[in-house]
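Here are the chains, one letter per residue:
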Protein chains: 2
Amino acid sequence: MVTIYDVAAKANVSAMTVSRVINNTGKISEKTRAKVKRVMEEMNYVPNQTARNLVLQQTKLLFLLITDITNPFYMTVARGAEDAAKKNGYRLLFGNSDEDLEKEADYISTILTMRVDGVLIAPTGDPSLANLEALHKHKVPLVLLDREVPGINCDIVLGDSKEGARELVEHLIENGHQRIALVNGDSSISSARLRLQGYREGLLLNQIELHENYIYEASFGAKHDLSRLSEWLKQLTPPPTAIVAGNNILAVEILRVLEEQNIDVPEQLSLVCFDDLGPYSESKPFLTVAAQQAYQFGYLGIQMLVDRIQEREAELPYRKIVLPAHLQKRRSVKKLSTST
Amino acid sequence: MVTIYDVAAKANVSAMTVSRVINNTGKISEKTRAKVKRVMEEMNYVPNQTARNLVLQQTKLLFLLITDITNPFYMTVARGAEDAAKKNGYRLLFGNSDEDLEKEADYISTILTMRVDGVLIAPTGDPSLANLEALHKHKVPLVLLDREVPGINCDIVLGDSKEGARELVEHLIENGHQRIALVNGDSSISSARLRLQGYREGLLLNQIELHENYIYEASFGAKHDLSRLSEWLKQLTPPPTAIVAGNNILAVEILRVLEEQNIDVPEQLSLVCFDDLGPYSESKPFLTVAAQQAYQFGYLGIQMLVDRIQEREAELPYRKIVLPAHLQKRRSVKKLSTST
DNA sequence: TTGTATGCGTTATCAG
DNA sequence: CTGATAACGCATACAA
């Protein structure tokens, strides 16, 4: 590998001069600048970021840790985060915890040892507390994404889960539905809890009685035991006329189950969910969803993170951004003429 | 930040001893080892990877550069790559070139400056040659993924695009189809060229005449001008009874267009494509696809890369792995009774 | 405008 | 078994 000294030697200057040319710092005569640049070209010199990191005590690296790499919601988050990072002169690395606390811990240790400048993280759930505390202990700037964790105090960007869920429920009610089931994520996740709240409120505000057995707790990640879900659905009496899914992944899994049971959406059962389906939202059966502003999640999250890094001394008060979800009416909800 | 010297001081040993404890090298008495470990715990010491990288002249970092982060095919590739990297003691970083030559160049320069140990890359197409040559020039170990680039010589893992396309076509023919259109990726991409070849062969072997106007060249990435595709489709006379899509993304876009035109799949038009649809393959309308072994692409690609890094001196001959595609028959192909 | 000395945190080498 | 010293490649502070 050619180093700054090799370049310096060949250009008959000191290493410092080369360094100045690279970083555009200090004053340099145009002549030597040109010469140095030429030599760098000739030798295919590439600065060693590792050495730079060591002396500068910063890596200009941000890390985005998400919980499900196959979820289009997070893919869009990643896009927004990437753009914001680039705009601020940072590079962005990704990691995928797969909704798994241990994988998350693994990544945290990677992050610590790599001396990443800051982290934007969607925690796996409340038990992430220990992992996040490790970051805090080492003073790694941190922004939470999509999910709150009781006990941890930091910047955060969230969706309005409660309100979104309520809207989904009320949309169903407006279409004549009364028997509405909920298939939700793990209750150790703040957004799942809020969606449940929104669901309850939606029913309550419309004087519809809540049946506990209409609520099913699964996980936001994929790979469920579909047969269990299937059994639960079959045994519901009277059967619901509509289902609210806690997120897009759950909606897709519900679709599979319904497919197997030869239940048509929306003819026989209506289905709505949180989060859009990305590139596939256009495939039938056109799910009606409460779409979250995924790109903004990533973009604003990184922006807050960069602010925090750059104002490290300033001790800014922690900020909390809550982004509303927007109801995208498509075709998975049937209008019931007679309320049953 | 607490350094190895802080630990050493507190433990009354030299920095070297601490280093030995961390890396489990050399001989150390159990007593001092225990003491050092205890002090490390107490002080929350985390080794500085940056400093390590500098002295070891390696980062234990591999980079996976893909062309479309929203494509489930690449997501699965990423999973395989991640697993293989972990198994070999490397960390994996991701990048997304978005089928854009310049973004690709950006990432290449990142990779160079970060001193990543090796790169697994799906090039954007033949013009990637210059980008790849930059890697070669700096002797960065390199494995190509999914697409060949004329002029570059290195390890590569590919799908059997020609054979896969031929199978798709012949599957359609077996079901009575004769007027089969192809919506393909950019012909500057090797896999697109091979899929075209397979398409041609499939027709030829069955004595079906090829109509050039049945071939549409789009891009494997998303965000097309759907109206152009739509126009093309409408003006075909006689209209095809089936379409082969060059990849999953194209298939989804075709679905959208057909939806707009109120053309039902498979009743009015059959549709098949390359690559599976990931979590959404189970949604209607159950596309019949030539599924590639995405996980193996990533896994084997990284494995080859690690081999190459570790046998750097050995000058292994370049290897080329070609993985067959498997036809997944689902329900997007209609059996025609009379061949039209 | 340019150069010299020094340190960033770690490990390899060699000595004890 | 343990420690002192040098080196990795670069940038900061200070000198010239």
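See the structure printed just above.
Quick caveat, the model's predicted, so the values are computed rather than measured. (Residues numbered from 1 in each chain as written. Chains lettered and ligands numbered in written order. Predicted model: local features only at pLDDT ≥ 70, side-chain atom pairs only at ≥ 80, totals over all residues. Heavy atoms only, no water.)

**Student:** When you look at the nonpolar core in this model, what are you seeing that I'm missing?
**Tutor:** Within soluble globular proteins, side chains that are nonpolar generally end up buried alongside one another. Judged by nonpolar contacts, the single largest core of 58 residues is most densely connected at I302 of chain A together with I302 of chain B. Not counting the four nearest positions on each side in its chain, I302 of chain B is found in contact with L62, A81, A84, A85, L92 and L120 of chain B. The next biggest cluster of nonpolar side chains, apart from the first, holds 48 residues, and it includes L226, L229, A251 and L255 of chain A. (Core = buried A, V, L, I, M, F, W, Y, C linked by side-chain atoms within 4.5 Å. Buried < 20%, exposed > 50% of the residue type's maximum accessible area, 1.4 Å probe, protein only. Contact = heavy atoms within 4.5 Å.)

**Student:** Explain helix α1 (residues 4–11) of chain A to me, please; I cannot follow it from the model alone.
**Tutor:** Note: α-helices contain 3.6 residues per turn, so residues at a spacing of three or four share the same orientation. All names here are of chain A. Those residues of α1 lying buried are V7, A8 and A11. What you see down the axis of α1 is that its buried residues fit within an arc of 100°, all on one side. Facing away from the buried side of α1 by over 90 degrees, the exposed positions are Y5 and A9. Residues of α1 that are buried in the fold lie against α2 (15–23) and α3 (30–43). At the N-terminal boundary of α1, the capping side chain belongs to T3, with an oxygen 3.1 Å from the backbone nitrogen of Y5. A positive backbone phi angle near 60° is found at N12, which sits one or two residues after α1. (Helix = DSSP H or I, 4+ residues; strand = E, 2+ residues; numbered from the N terminus. Arc of directions from axis to C-beta. Polar contact = N/O pair within 3.5 Å; in protein donor to acceptor, adjacent residues only side chain to side chain.)

**Student:** Mind showing me how you'd approach the interface of chain A and chain B here?
**Tutor:** Interface extent is often summarised as the accessible area lost during association of the parts. In this complex, chain A contributes 51 residues to the contact, which on the side of chain B involves 51 residues. For the pairing of chain A and chain B, the buried interface totals around 5,100 Å² over both sides, and the portion due to carbon and sulfur atoms is 56%. Viewed at the interface, chain B and chain A are joined by four salt bridges. Salt-bridge contacts for D106 of chain B lead to K86 of chain A; the nearest nitrogen and oxygen are separated by 2.9 Å. At the boundary of chain A and chain B, one finds 16 residue pairs in polar contact (both at pLDDT 80 or more). (Buried area = accessible area lost by both parts, 1.4 Å probe. Salt bridge = Lys/Arg side-chain N within 4 Å of Asp/Glu carboxyl O.)

**Student:** I'm lost on the environment of V119 of chain B in this one. Help?
**Tutor:** All names here are of chain B. Relative to the helices and strands, V119 is located in strand β3 (residues 118–121). Distance from V119 to G301, taken between C-alpha atoms, is 9.6 Å for residues 182 residues apart in sequence. If we ignore the near neighbours within four places in the chain, the residues touching V119 are F63, I111, L135, V140, P141, L142, V143 and L305.

**Student:** Is there a simple way to think about the protein's contact with DNA strand C in this case?
**Tutor:** With respect to spatial proximity, 26 residues lie near DNA strand C, and among them T17 and R20 of chain A together with I4, S19 and Y45 of chain B are the closest. Sugar and phosphate atoms form 67% of the subset of DNA strand C atoms that lie within 4 Å of the protein. In the environment of DNA strand C, a phosphate oxygen lies 2.9 Å from a nitrogen or oxygen atom belonging to the backbone of S14 of chain A. A distance of 2.5 Å separates a phosphate oxygen of DNA strand C from a polar side-chain atom of Y45 of chain B. At the level of elements, α2 and α4 (49–56) of chain A together with α1 (4–11), α2 (15–23) and α4 (49–56) of chain B are the ones that each hand at least two residues to the surface near DNA strand C. Taken together, the residues of the surface near DNA strand C break down into 13 nonpolar, nine polar and four charged. (Near = heavy atom within 4 Å. Nonpolar A, V, L, I, M, F, W, Y, C, P; charged D, E, K, R; others polar.)

**Student:** Please explain the sheet that holds strand β12 (residues 326–328) of chain A as it appears in this structure.
**Tutor:** Within a sheet, each strand pairs with its neighbour through backbone hydrogen bonds, oriented either parallel or antiparallel. Residue and element names in this part refer to chain A. The six strands are arranged β7-β6-β8-β9-β10-β12 in an open sheet whose pairing can be described as mixed. The open sheet has two edge strands, β7 (215–217) and β12, and neither has a second partner. On average, each strand axis in the sheet is tilted by 15° relative to the strand beside it, whichever way the strands run. Both strand β9 (residues 270–274) and strand β10 (residues 288–291) contribute to a ladder of three bridges, which runs parallel. Considered in β10, the bridge of C273 is made with V289. (Pairing = 2+ DSSP bridges. Axes fitted to C-alpha atoms, helices over the stretch in contact; angles between N-to-C directions.)

**Student:** Can you help me understand the sheet that holds strand β1 (residues 61–66) of chain A in this one?
**Tutor:** Residue and element names in this part refer to chain A. Read from one edge of the open sheet, six strands run β2-β1-β3-β4-β5-β11, paired in parallel fashion. The open sheet has two free edges, formed respectively by β2 (91–96) and β11 (320–323), since each of these has just one partner strand. Strand-to-strand twist of the sheet, defined as the mean angle between neighbouring strand axes without regard to direction, takes the value 15°. Here β1 pairs with β2 via six bridges, running parallel. Residue pairing in the sheet places L64 in a bridge with F94 of β2. The sheet strands contacting helix α5 (residues 72–87) are β1, β2 and β4 (142–145), and the helix crosses β2 at an angle near 160°.

**Student:** Is there a simple way to explain the pairing of β9 of chain A in this structure?
**Tutor:** Note on strand geometry: in a regular strand, side chains alternate between the two faces of the sheet. Residue and element names in this part refer to chain A. Along β9, five of the five residues are buried, which leaves the element largely enclosed by surrounding structure. Neither face of β9 is exposed, since S270, V272 and F274 on one face and L271 and C273 on the opposite face are all buried. One ladder, built from four bridges, connects strand β8 (residues 242–245) with β9; its direction is parallel. Residue pairing for β9: A242 is matched across the bridge by S270. Handedness of the crossover joining β8 and β9 through helix α11 (residues 248–260): right-handed. (Right-handed = clockwise from strand over helix to strand, strands pointing away.)

**Student:** Mind showing me how you'd approach the relation of the copies chain A and chain B here?
**Tutor:** Note: a rotation about an axis with an accompanying shift along it relates these two copies of the chain. For these two chains of identical sequence, chain A goes onto chain B by a turn of 180° and a shift of 0.0 Å along the axis, with RMSD 0.1 Å. Read as a symmetry element, the transformation amounts to a two-fold axis. Here 100% of the interface residues in chain A have copies in chain B that are interface residues too; the copies meet face to matching face. (Least-squares fit on C-alpha atoms with pLDDT ≥ 70 in both.)

**Student:** What is the right way to read the protein's contact with DNA strand D from this model?
**Tutor:** Around DNA strand D sit 25 residues, and of these I4, M16 and Y45 of chain A together with T17 and R20 of chain B come closest. Sugar and phosphate atoms constitute 65% of the interface atoms of DNA strand D, taking the interface as everything within 4 Å of the protein. The separation between a phosphate oxygen of DNA strand D and a polar side-chain atom of T17 of chain B is 2.5 Å. Here a phosphate oxygen of DNA strand D sits 3.1 Å away from a polar atom, N or O, in the side chain of Q57 of chain B. At the level of secondary structure, the elements contributing two or more residues to the surface near DNA strand D comprise α1, α2 and α4 of chain A together with α2 and α4 of chain B. Considering every element that reaches the surface near DNA strand D, the biggest residue donor is α4 of chain A, with four residues.

Shape descriptors only; they carry no functional weight alone.
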